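Tertiary structure, described
Here is how the chains run, residue by residue.
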Amino acid sequence: MDDEFDDAWAVAATVPGWLTHGQARALWDAARQLPVGSAIVEIGSHQGRSTVVLGRAAAAAGARVIAIDPFIGGAMFGGSATRAKFERNVADAGVDGVVQLVTQRSTVLRPAWDTPLAMVYVDGKHDYWTARDDLRWVAHVPPGAPVLVHDSFSSIGVTAAILAHVLPGRELRYLGRVGSLARFEAAAPGRRDRARILAELPWFVRNVLIKVVLRAGRVVGYRRSDPY
Ligand SMILES: C[S@@+](CC[C@H](N)C(=O)[O-])C[C@H]1O[C@@H](n2cnc3c(N)ncnc32)[C@H](O)[C@@H]1O
């Protein structure tokens, strides 16, 4: 199993993206133990870094990945050029046979979704409303299924969605995190699970402060170099 993961990571690490080695391992561990024939939904695929990890784990488990990304154009994520890179990276990793791309917004697909899922990985649009909607995909997994959320306690929108939807809710139990990759399972949380979420808030505040300082630095840097 370790060799399988190392091979998968060696390929995934060549794909540009934000997923770290430890986070890839968390995705792998969750996906690799899924039942034969089961389906994983990945929301937000970009160039396929996490898709390659999930695809390799799914192939080994006899499962499949449904990768959801609208590939909307823009400076940050790059539109159809990114889609082409995604398709090439998935094919080069040898997982195109287990990865199905759905080019649509997760929020458009979710209300009419009827395919049962065994795992959900959320790494799509990070605004509050989208992140909150993406957490609702838990309705499609069985009790105990893994639900992993990237940029938790790091992005303001994702964290606000967790605080508004998971903290008072009865659907997701917080297990812990690898960096900003939060691991949940589909289960009713107890008091300790909710307390573990609240205990992440100092780390969240630290992350926001770092972003504010970095942004302020960029603004100051821009003014210094502004020829006018
Ligand atoms: C942070 S990137 C995903 C990174 C990817 N998981 C990886 O490992 O490299 C976020 C992605 O979400 C996609 N996205 C934006 N809005 C979306 C939506 N409503 N539904 C699904 N994906 C969305 C963007 O196109 C972008 O590719």
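Cut-off values and rules
Residues numbered from 1 in each chain as written. Predicted model: local features only at pLDDT ≥ 70, side-chain atom pairs only at ≥ 80, totals over all residues. Heavy atoms only, no water. Near = heavy atom within 4 Å. Polar contact = N/O pair within 3.5 Å; in protein donor to acceptor, adjacent residues only side chain to side chain. Areas by Shrake-Rupley, 256 points an atom, 1.4 Å probe, with all protein chains shown as cover. 1 Å grid on protein atoms, 1.4 Å probe; cavity = no way out; pocket = protein on both sides within 12 Å on 5 of 7 lines; lining within 4 Å. Sits in = over half its atoms within 2 Å of the grid points. Nonpolar A, V, L, I, M, F, W, Y, C, P; charged D, E, K, R; others polar. Pairing = 2+ DSSP bridges. Helix = DSSP H or I, 4+ residues; strand = E, 2+ residues; numbered from the N terminus. Core = buried A, V, L, I, M, F, W, Y, C linked by side-chain atoms within 4.5 Å. Buried < 20%, exposed > 50% of the residue type's maximum accessible area, 1.4 Å probe, protein only. Contact = heavy atoms within 4.5 Å. Salt bridge = Lys/Arg side-chain N within 4 Å of Asp/Glu carboxyl O.

Overview of the site of the ligand
Near the ligand, the surroundings consist of 17 residues, among which G44, S50, D69, S106 and D123 are the closest. The separation between a nitrogen atom of the ligand and a polar main-chain atom of G44 is 2.9 Å. At 2.7 Å from an oxygen atom of the ligand is found a side-chain nitrogen or oxygen belonging to D69. Considering the ligand on its own, with 610 Å² of exposed area, one finds that the protein chains cover 95% of that surface. The cavity that encloses the ligand is the largest pocket. Its residues placed into classes, the shell around the ligand shows 5 nonpolar, 7 polar and 5 charged.

Some details on the pairing of strand β6 (residues 172-178)
Where β6 meets strand β7 (residues 181-186), 6 bridges bridge the pair, whose relative direction is antiparallel. Paired with L172 across the strands is A186, a residue of β7. What sits between the antiparallel neighbours β6 and β7 is a turn of 2 residues, in which G179 has the positive phi angle 60°.

Some remarks on the nonpolar core
Within soluble globular proteins, side chains that are nonpolar generally end up buried alongside one another. By size, the foremost hydrophobic cluster in this structure holds 33 residues, and its most contacted members are L27, I40, V53, L54, V99, M119 and L148. Of all the secondary structure elements, the ones that give two or more residues to this core are α1 (2-12), α2 (21-32), α3 (49-61), β2 (64-68), α4 (79-92) and β4 (119-122). Excluding anything up to four places from it in sequence, V99 contacts T51, G55, V65, A67, F86 and V90. In terms of nonpolar packing, the next biggest core, distinct from the first, is built from 32 residues, A131, V147, V149 and I197 among them.

A closer look at unusual backbone geometry
With a phi angle near 45°, F71 is a residue other than glycine that sits in the positive phi range. Position of F71 relative to the elements: it lies in the loop between β2 and α4. The phi dihedral of D151 is positive, around 65°, even though this residue is not glycine. Assignment of secondary structure puts D151 in the loop between β5 (146-149) and α7 (156-166). Here D151 falls in the buried class, since its relative accessible area comes to 17%.

Brief notes about the pattern of salt bridges
Counted by the stated rule, this structure contains 10 salt bridges. Across the pair R177 and E200 runs a salt bridge whose closest N-O atoms are separated by 2.8 Å. Within this pair, whereas R177 is found in strand β6, its partner E200 is found in the loop between α8 (191-198) and α9 (201-225), the two being separated by 23 residues in sequence. E200 sits in the buried class, given a relative accessible area of 12%.

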